[in-house]
Amino acid sequence: MAETTAVTAADQAADDGMEAFERMLDRVRAAQKAYSTFSQEKVDSIFKTAALAANRARIPLAKMAVAETGMGIVEDKVIKNHYAAEYIYNAYKGVKTCGVIERDEAAGIEKIAEPIGVIGAVIPTTNPTSTAIFKTLLALKTRNGIVISPHPRAKSCTIAAAKIVLEAAVEAGAPKDIIAWIDNPSLPKTNLLMKEADIILATGGPGMVKAAYSSGTPALGVGAGNASAILDPSCDIVNAVNSIIHSKTFDNGMICATEQTVIADQKIYDLVKDEFARRGCHFLNDREKDLVRRTMLINGALNAKIVGQRPAAIAKMAGFEVPEDTKVLIGEVTSTDTSEAFGHEKLTTILGMYKSADFDNALDIAEALLVNNGGLGHTSVLWIDELNEKAKLDRFADRMKACRLIVNSPSSLGGIGDIYNFAMPPSLTLGCGSWGGNSVSENVGVKHLINIKTMAIRRENMLWFRAPEKVYQKKGCLAVALRELGEVMGKKKAFIVTDSFLYANGYTRPIEKSLEAQGIMFATFSDVAPDPTLACAKEGAKLMASFKPDVIVAIGGGSAMDAAKIMWVLYEHPECDFMDMAMRFMDIRKRVYTFPKMGEKAYFVAIPTSAGTGSEVTPFAVITDEKTGVKYPLADYELMPKMAIVDADVQMMAPPGLTSASGIDALSHALEAYASMLATSYTDGLAIQALKDIFAYLPACYDAAVGKYAAPKAREKMANAATMAGMAFANAFLGVMHSMAHKLGAFHHIPHGIANALMMEQVLRFNAASVPRKMGTFPQYDHPHTLERYLEIADALGVGGKDADERFANLLKAIRDLQKRVGIKPTIRHYVPDEKDFLARLDEMSEQAFDDQCTGANPRYPLIGEIRQMYLNAYYGRQENV
C-alpha cells in the first residue's frame, strides 16, 4: 500500500531516480494539500494511531537498526524507539496545531496554526529508526508532508520505520502519500530534496547540517555535541559516576548529548577515578591512550568504525585487549587543544578525563573543549550540591555557551528531555543556537514545524483620567487649604519655591504666616527665572537636600511650578539622569524610562499666581538647558502635584502682559486638548467649559489689569478655566502648536503664551484639513475629523456661519479678535524683527519642533517641511493653509 511513495528501482534505472523523485514530491505535495484541511480531531486520531503502530514495532525496528548499521545495542534502541513514539505522543497529544490555537477576545488577538508544507527529513545512521519515528510523527501532528532521506548505511531500517508510521496513518484516514522516502539515497537526491522541500529537518553530521543551511531552504539543523561533565567536590560521587556510565553506555554512547569528557576537581579526583574503576571502566595507560588516539581520529575526523561500539571491540581495533564486560574506556588527559583526540565528540564508549584545580579551572577546561573541539551550543553537564552551591551553579550557567545545561542527570537521556526533567520537551533533534550555527536553540518540537498567523483585530487601548489627589478652588481658599499641612498631615518643614518678583511683592507672605502659625519651619528659594534652567533646578535641589523638607510649596506661574517639580525629582532621586527623564515617548504607558516614585520625601503643593499654564494640575514641566538653549518638556504622572490650591486672590493683580499671555496659553491648552487624538469625554467637557469662560472673561481680566483694578468674578472664572484646561491637557495631551511654541520661545525668547498665540491660527488651519498628507497614529483616532471638532468648539462659543467653511473661518476670526483684544500682536515678525536671523535658524527650529514631545498627540502628523511653512506663514502674517 505504501510502495507508491518511494522512488522505485524501475524509476532509478530510467533516469537515476531524479525524475521519479520529482513525481514523488508532487504526490507528497498533493497529499499535504489535502491533509492541511483536516480538523484537529482527525489529525489527533491519526497521530495516535501512528504512534501506537511505531511503539508496537519498537523491538523489530531496533533489531533491524543494529543488524544493518552494526552499531549500538538492540535493547537500548528499543528504548529509543519507545521514547520516540510514546514520549512524543504524550508531549503533544493535547497541543493545538490546527486552525485557531489561541484566542484573546479582549486583546483582539487570534493565533492560527498552518502547516509549513513538505518537510525534507535527513536521518542519521546513529539513530535511524527512532529519528524516523520522531520526525514522521511530528509531521503528522502538524499536517505537514514529509520526505525521508535515510543514511545509505541505514536505509532499510529507516524506511521500515517510515513505512510503519505511514501505513498506520493511512489506515486512520491520512492521504496515502503523506509520508515518502528515497529508496536509494544519494547526495544529488538529498541536495534536491533540500532545495525542493519547504523546510529541512536535518539530523546528522556537521557537513550534512551545513549543507541544509546552505540550500536556500529554511532549515532546522542541529550541531555536533561535545558535552563535558564537571564534577564539583560537593556532588554525590556515586550518583554522578554511575549516571555518567549509564549515559555513556546507553546505545554505546551514540546520543549526541552524551558526555564526552569528565572534569573532576582535584579534591575528589581519586575518589571519582576509583568509583569509575569499581564500576567496570578501564583506565588506559599511556601506550593504550596513544593507540586509541590513532584509532579515534583519522586525518582529524572521527573514525566511523568506532561509533556505537563496545570498549572491547574498540580496544581490539586499536591493538590491545580489555575484558568483554568493560563499560567505558577512559583516557586521563590534560590538553584541551584540537590535537587531543580525547577532547572531541566520540559517539562511542570512550571518555576523556581531566583534573581541575578548582571550579573556575573546571569551567575554563569545559569552555576550551567546546571552543577548540566542537560542540558549541549543544550540551554541558554539572554535578553539584544544587541547594548549597547556588553561586557555582549560576557561574556555570553564565559561562557555558550551551543550550542544554544538564544538572545532576545523565546527559544522554537528560538532554533529549522529559525523562530526568519533565518540563524539558522531548526531542531527538537538539538545537544548538547561533553558537552551533543553528537556527533554533532548544529541543525541536511541533512549534517549529508550523506557521503561526496572528490576527490582530483593532482594539482601543485603555485610556485614563488623572488629576492631583486634592484640588482646592475658591477665592480666599489658600489659608484654609494650607492648614491641612500641619493639622492633618503633620508636616514639619516646608520649602517654598517662587520667583524674585513674587517674593519681593509679598506673594509668599500668606503662606509663610500660615506655616508659622502651624509651627512648620520653612525656607524659601526665590531665584526662579521666567525661563527656568536646569542649573536653577539643581541649585534649588541642593538647598532642599540640606534643609530636608517634608513638603514643597510652589507658588507662581508655570516657571516656578515647573522648576519646583524638577527640584522635587532631584531632591528625592539625585541619582536620576535628567536626559533620561527628558527622553521622548510615543505612548506614556510604554516609555523606556520609568520615572521614580515621587512623594516619598516631600509632599508637593502647587499654587498658581496666573491663569494660564495649568501646571498645578499637570504631569508636565518645561525646563531649559542653559548650555544648549534647548527647552525640554518633561512628562510623567509622577510629576503631578499632590495638592493644587486655585485661589483667585493671588491672581487678582496680575499685570496686563501676564494676564493676556497666560490667558491665551490657557486657550491653547483647551484647543489642543479638544483636538488631540487622546481626547475623551472626560477631557472634552473640561476643555469646552474652559474655552467658554476664557472667551467670556479674559477681556475683563485684561481690562482690569490695564486699569489696575480688581475684577473678582472674572479673575476667579479665568483661574478655574486655566485649571480646567490644565486638567484636560494633562490627560489628552497637546499638539504641534505647543511643539512650535516651545522652540519659537527657546530660539527667540518669546513668552510661551505669546508664542502659542502666534502659531494658533496656522495650526488650526493645518489640523482642519480633511485630506491631510499624514494623519496621526492612535487606535481611537480612526479618520481625519479635526475640522468637525473645531466646529463643535465654534458651536459652544456661539460662533455661527452658513456652512462649515464659514463657521471655521468665523472661529479663526474670533480667536484673532480675542488676541487683538488682549494686546497680542498678529505676527512673529512683530516680536522678531530680524528677518535674516529668523530665516537662518528656521530649519533647525523646525526640526526641533518636529521632535518635541507634544507633536505625538497632534491629529495631523506634521512633516518638518510643513512645520517650516507654518513658521513662515506666521512670521509674515499669511492666512494660508499648509
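Look up a bit, the structure's there.
The structure displayed is predicted, hence computed values, not measured ones.

Definitions and cut-offs
Residues numbered from 1 in each chain as written. Predicted model: local features only at pLDDT ≥ 70, side-chain atom pairs only at ≥ 80, totals over all residues. Heavy atoms only, no water. Salt bridge = Lys/Arg side-chain N within 4 Å of Asp/Glu carboxyl O. Helix = DSSP H or I, 4+ residues; strand = E, 2+ residues; numbered from the N terminus. Buried < 20%, exposed > 50% of the residue type's maximum accessible area, 1.4 Å probe, protein only. Phe/Tyr/Trp six-rings, centres within 6.5 Å; stacked < 30°, edge-to-face > 60°. Lys NZ or Arg CZ within 6 Å of the ring centre and 35° of its normal. Contact = heavy atoms within 4.5 Å. Pairing = 2+ DSSP bridges. Axes fitted to C-alpha atoms, helices over the stretch in contact; angles between N-to-C directions. Core = buried A, V, L, I, M, F, W, Y, C linked by side-chain atoms within 4.5 Å.

**Digging into the pattern of salt bridges**
Under the counting rule described, the total for this entry stands at 39 salt bridges. Among the salt bridges present, the one from Lys 392 reaches Asp 232, with a minimum N-O distance of 2.8 Å. Here Asp 232 lies in the loop between strand 8 (227-231) and helix 10 (237-249) and Lys 392 lies in helix 15 (residues 390-399), a separation of 160 residues in the sequence. One exposure class covers both Lys 392 and Asp 232, and it is buried. Where Arg 509 meets Glu 512, a salt bridge forms, and the shortest distance between an N and an O atom there is 2.6 Å. You can see Arg 509 and its partner Glu 512 sitting in helix 19 (residues 509-517), three residues apart, about one turn around the helix. Judged by its relative accessible area of 37%, Arg 509 falls in the partly exposed class. Judged by relative accessible area, Glu 512 falls into the buried class, the value being 6%. Residues joined in a network through salt bridges with shared partners are Lys 77, Lys 80 and Asp 251.

**Focus on the packing of aromatic side chains**
Scanning the entire structure with this criterion turns up 15 aromatic pairs. With 5.9 Å between their ring centres and 15° between their planes, Tyr 790 and Phe 808 make a pair best called stacked. Taken together, the positions of Tyr 790 in helix 28 (residues 786-797) and Phe 808 in helix 29 (residues 804-821) put the pair 18 residues apart, joining distant regions of the chain. Across this residue pair, the class does not change: Tyr 790 and Phe 808 are buried. A centroid spacing of 4.3 Å and a plane angle of 20° characterise the contact between Phe 838 and Tyr 875, whose relative ring orientation is stacked. With Phe 838 in helix 30 (residues 835-840) and Tyr 875 in helix 32 (residues 864-876), this pair connects stretches of sequence that are 37 residues apart. Assessed through its relative accessible area of 0%, Phe 838 is described here as buried. Taken together, the aromatic side chains of Trp 464, Phe 620, Tyr 637, Phe 729 and Phe 733 make up a single cluster linked through ring pairs. The side chain of Lys 493 reaches across the aromatic face of Phe 547, ending 4.6 Å from its centre.

**Quick notes on the environment of Glu 516**
Relative to the elements of secondary structure, Glu 516 occurs in helix 19. Excluding its chain neighbours within four sequence positions, the residues that come into contact with Glu 516 are Arg 509 and Phe 522.

**A closer look at the sheet that holds strand 1 (residues 99-104)**
Here we have three strands laid out as an open sheet, ordered 1-2-17, and antiparallel in their pairing. Edge positions in the sheet fall to strand 1 and strand 17 (450-456), since each has one partner strand and no second. Within this sheet the neighbouring strands show an average axis-to-axis angle of 20°, counted without direction. Here seven bridges tie strand 2 (residues 109-115) to strand 17, and the two strands are oriented antiparallel to one another. Looking at the pairing, Glu 114 lines up with Asn 451 of strand 17.

**Topic: the nonpolar core**
Ranked by internal contacts, the top residues of the largest apolar core, which has 93 residues, are Leu 744, Met 759, Ile 828, Phe 838 and Tyr 871. The contacts of Leu 744, once residues within four sequence positions are left out, are His 749, Ile 750, Ala 755, Leu 758, Met 759, Ile 828, Phe 838, Met 845 and Tyr 871. In this structure, Ala 31, Leu 140, Ala 257 and Ile 416 belong to the second largest nonpolar core, which totals 57 residues.

**Overview of the pairing of strand 19 (residues 493-499)**
With five of its seven residues buried, strand 19 lies for the most part within the structure. For strand 19 and strand 20 (residues 521-528), the ladder comprises six bridges, and the chain directions are parallel. Paired with Lys 493 across the bridge in strand 20 is Met 521. Where strand 19 lies against strand 21 (residues 551-556), four bridges are found, and the strand directions are parallel. Across the sheet, the residue bridging to Ile 496 is Val 553, located in strand 21.

Honestly, that's just the spatial picture; any functional story needs more than this.
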